[in-house]
Amino acid sequence: MSTSTPEKKTSHGSRHDAQATGRAMTPSEHRVQVAAARLRVTLDERLGRPTPAETKALAKEDL
């Protein structure tokens, strides 16, 4: 990238963006959130860390 060209920064949304903007989460966004929650639960178990109840509940949802 040239030094005279400003960097293009893109924002990757957080898990609360849909709620913050007042729009409903799409089914595909929800599936991604459930999958991420499952990974978090597994990682926390392996590392012996506590997992927030909200994350555990999300991880139990069907994809």
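Please refer to the structure higher up on the page.
What counts, and where the lines are drawn
Each chain carries its own residue numbering, running from 1 in the written order of its sequence. Per-residue local features are limited, in this predicted model, to residues with pLDDT of at least 70; the limit for side-chain atom pairs, both in listing and counting, is 80 or more; totals at the level of whole chains, interfaces and linings are taken over all residues. With hydrogens and water excluded, all non-hydrogen atoms of the structure serve as input to the side-chain values. A run of DSSP states H or I qualifies as a helix once it reaches four residues; a run of E qualifies as a strand once it reaches two. Both are numbered from the N-terminal end. Note on exposure labels: buried denotes an accessible area under 20% of the residue type's maximum, exposed denotes more than 50%, and partly exposed covers the range between, all computed with a 1.4 Å probe on protein chains only. In this analysis, two residues are considered to be in contact whenever any of their non-hydrogen atoms come within 4.5 Å of each other. Per-residue and other accessible areas were derived by the Shrake-Rupley procedure at a 1.4 Å probe size, with only the shown protein chains allowed to occlude residues. Salt bridges are identified by distance alone: a Lys or Arg side-chain nitrogen within 4 Å of an Asp or Glu carboxyl oxygen.

Student: An account of the overall build of the chain is needed here, citing residue identities and associated values.
Tutor: Assigned secondary structure in the chain consists of three helices and zero strands. Counting only residues that meet the buried cut, the chain has 13% of its 63 residues in that class. Residue pairs at least 24 apart in sequence account for 33% of intrachain contacts in the chain once pairs closer than 6 positions are excluded. Of the roughly 5,400 Å² of accessible surface on the chain, a fraction of 54% belongs to carbon and sulfur atoms.

Student: Describe the pattern of salt bridges, naming the residues involved and giving the relevant values.
Tutor: Evaluated as defined, the whole model comprises three salt bridges. A salt bridge links E29 to R23; its shortest N-O distance comes to 3.0 Å. A network of salt bridges, in which partner residues are shared, links R40, D44 and R49.

Scope: geometric values only; no functional claims are made or implied.
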